[in-house]
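In case you want the letters, here they are:
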Amino acid sequence: MIGITARAGAYRKGLIAAAERLSPEEAVIIADLERNGLQVPQLHDLLCGGHVLVDDPQLYEDWRSAKGSHPRLSSHHHDIDKTLYPDIGMRGTVVREKLHGRTKQGTWVQLEKTPAAFGKNKLPSLSDLRHLMDYVVYRVTRSNVGPWGLSRMTERRPMYLSPNLALPTSLTPPVARALTLALRRIDEDDDVTAVSQDLAARFPPPNRADLAGELGQALSGRAGRGLFGNSEVWVTETPSRSAAAVLRERSRPPVTETRRTEGTP
């Protein structure tokens with residue numbers, strides 16, 4: 001995924017080399033976000049420090065227990081009880097400093113260019129000073145400073161993945177009856193037009209009791225545009241040695257043998 005997005009996006013130097021040393025803990029973060037709808041084009045903003053919201057509180061617990069995770073101070077989502085849900089940091093070659101925490105109904109995550117270790121009873125380090133410089137860049141550009149670039153996806157304008165917008169509700173009996181009749185009519189029309197009438201009579205469709213109750217259950221998961229979304233596509237082919245050897249051979253005319261017979265010069 002990183003190799004594909006690096007072909008089109010503009011990043012700081014060293015991303016591909018860092019991706020070759022990607023740790024399992026870092027890979028889990030990207031894989032979990034992909035499972036929740038992250039596409040290759042959106043990976044650009046993630047690597048450049050975009051603020052991401054996921055309506056999945058379990059991600060907070062999963063990433064909290066990952067190897068190398070440690071409590072960290074931050075100013076993000078101050079409406080959350082930080083004693084109960086402290087912000088968690090983790091360092092890596094690609095994420096540099098992954099910072100995540102809880103929201104009211106899910107998890108937020110953001111990658112930072114410079115790790116910050118300041119806290120109570122700690123003197124500022126050189127890394128902390130660089131982190132403050134990144135904050136100055138944020139104030140001037142209104143963009144988050146990520147490991148591999150700048151992103152306009154800030155906490156005020158975050159990237160949403162798999163937002164929980166569904167609100168289950170029941171249909172009133174008259175609406176349910178009308179909807180069921182319409183669905184049965186569509187089923188009958190599809191059955192007749194799909195095959196001949198003779199076969200349709202011999203193989204009737206399954207008798208489903210509640211057609212209206214099946215609405216919204218056909219698509220599982222996020223059922224979106226997929227991992228690559230509207231990203232550009234490249235085709236990379238591995239050269240075939242056998243095919244190259246055949247193409248290098250020069251075509252030669254077949255050799256014909258002539259035989260002499262007695263009496264012919």
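In the block above lies the structure referred to throughout.
Computed from a predicted model, the values in this text were never measured in an experiment.

## Description of the overall build of the protein
Part 1: What the protein contains, in helices and strands, is nine helices and eight strands.
Part 2: Relative to its 265 residues, the protein shows a buried fraction of 30%.
Part 3: Long-range pairs, those at least 24 residues apart, make up 65% of the contacts in the protein with a sequence separation of at least 6.
Part 4: When the accessible area of the protein is evaluated, it comes to approximately 18,500 Å², of which 56% is carbon and sulfur surface.

## Observations concerning unusual backbone geometry
Part 1: One non-glycine residue, histidine 77, adopts positive backbone phi at about 50°.
Part 2: Here arginine 96, not a glycine, exhibits a phi torsion of approximately 60°, which is positive.
Part 3: Structurally, arginine 96 can be placed in strand β4 (residues 96-102).
Part 4: We classify arginine 96 as partly exposed; its relative accessible area is 30%.

## A short note on the pattern of salt bridges
Part 1: Here the structure, examined in full by the defined rule, presents five salt bridges.
Part 2: The salt bridge involving aspartate 32 is made with arginine 35; its shortest N-O contact spans 3.4 Å. Of this pair, aspartate 32 and arginine 35 both sit in helix α3 (residues 24-35), separated by three residues, roughly a single helical turn.
Part 3: We classify aspartate 32 as buried; its relative accessible area is 12%.
Part 4: For glutamate 97, the salt bridge is made with arginine 91, and the minimal N-O distance between the two is 3.5 Å.
Part 5: Note on glutamate 97: relative accessible area 0%, which makes it buried.
Part 6: Via salt bridges that share partners, Arg72, Arg91, Glu97 and Glu112 belong to a single interconnected network.

## Some details on helix α4 (residues 40-47)
Part 1: Among the residues making up α4, those that are buried are Val40, Leu43, Asp45, Leu46 and Leu47.
Part 2: Positive backbone phi, at 95°, marks glycine 49, one or two positions downstream of α4.

## With respect to the side chain of glutamine 110
Part 1: You can see glutamine 110 is positioned in strand β5 (residues 107-112).
Part 2: A polar contact is formed between the side chain of glutamine 110 and the side chain of histidine 51, at a distance of 2.8 Å.
Part 3: When neighbours within four sequence positions are excluded, glutamine 110 is seen to be in contact with Gly49, Gly50, His51, His76, Glu97, Lys98, Leu99 and Asn144.

## A word on the nonpolar core
Part 1: Counting residues in each nonpolar core, the largest one holds 24 residues, and the members touching the most others are Leu33, Leu47 and Val52.
Part 2: When contributions to this core are tallied by element, the ones reaching two or more residues are α2 (15-19), α3, α4, β1 (52-54), α5 (58-64), β5 and β8 (159-161).
Part 3: In this structure, leucine 47 is in contact with Thr5, Tyr11, Leu15, Val94, Leu111, Gly146, Pro147, Trp148 and Gly149, ignoring residues within four places of it in sequence.

## Observations concerning the layout of surface pockets
Part 1: Roughly 580 Å³ of volume is contained in the largest pocket.
Part 2: Lining the largest pocket are 23 residues; nearest its centre among them are Ser75, His76, Gln110, Tyr135 and Tyr138.
Part 3: Broken down by secondary-structure element, the contributors of at least two residues to the lining of the largest pocket are β5, α6 (126-141) and β6 (144-146).
Part 4: Counting residues per element, the lining of the largest pocket draws most heavily on α6, at six residues.

## Things to note about the pairing of strand β3 (residues 88-92)
Part 1: In terms of burial, β3 is largely enclosed, as four of its five residues are buried.
Part 2: Two strands pair when backbone bridges link them, and strand β2 (residues 70-71) and β3 are joined in this way by two bridges, in the antiparallel orientation. Bridge pairing links proline 71 to isoleucine 88 in β3.
Part 3: Looking at chain direction, β3 and β4 are connected through five bridges and run antiparallel. Note on β4: the bridge partner recorded for glycine 92 is arginine 96.
Part 4: Linking β3 back to β4 in an antiparallel pair, the connection comprises three residues.

## Describing the environment of arginine 130
Part 1: Following the sequence through the fold, arginine 130 ends up in helix α6.
Part 2: Residue classification places arginine 130 among the partly exposed positions, given a relative accessible area of 48%.
Part 3: C-alpha of arginine 130 to C-alpha of threonine 114: the two residues are 16 residues apart in sequence and 6.6 Å apart in space.

Here is what the cut-offs are and how they apply
Residues numbered from 1 in each chain as written. Predicted model: local features only at pLDDT ≥ 70, side-chain atom pairs only at ≥ 80, totals over all residues. Heavy atoms only, no water. Helix = DSSP H or I, 4+ residues; strand = E, 2+ residues; numbered from the N terminus. Buried < 20%, exposed > 50% of the residue type's maximum accessible area, 1.4 Å probe, protein only. Contact = heavy atoms within 4.5 Å. Areas by Shrake-Rupley, 256 points an atom, 1.4 Å probe, with all protein chains shown as cover. Salt bridge = Lys/Arg side-chain N within 4 Å of Asp/Glu carboxyl O. Polar contact = N/O pair within 3.5 Å; in protein donor to acceptor, adjacent residues only side chain to side chain. Core = buried A, V, L, I, M, F, W, Y, C linked by side-chain atoms within 4.5 Å. 1 Å grid on protein atoms, 1.4 Å probe; cavity = no way out; pocket = protein on both sides within 12 Å on 5 of 7 lines; lining within 4 Å. Points joined across faces, edges and corners; volume = space filled by probe spheres on them. Pairing = 2+ DSSP bridges.

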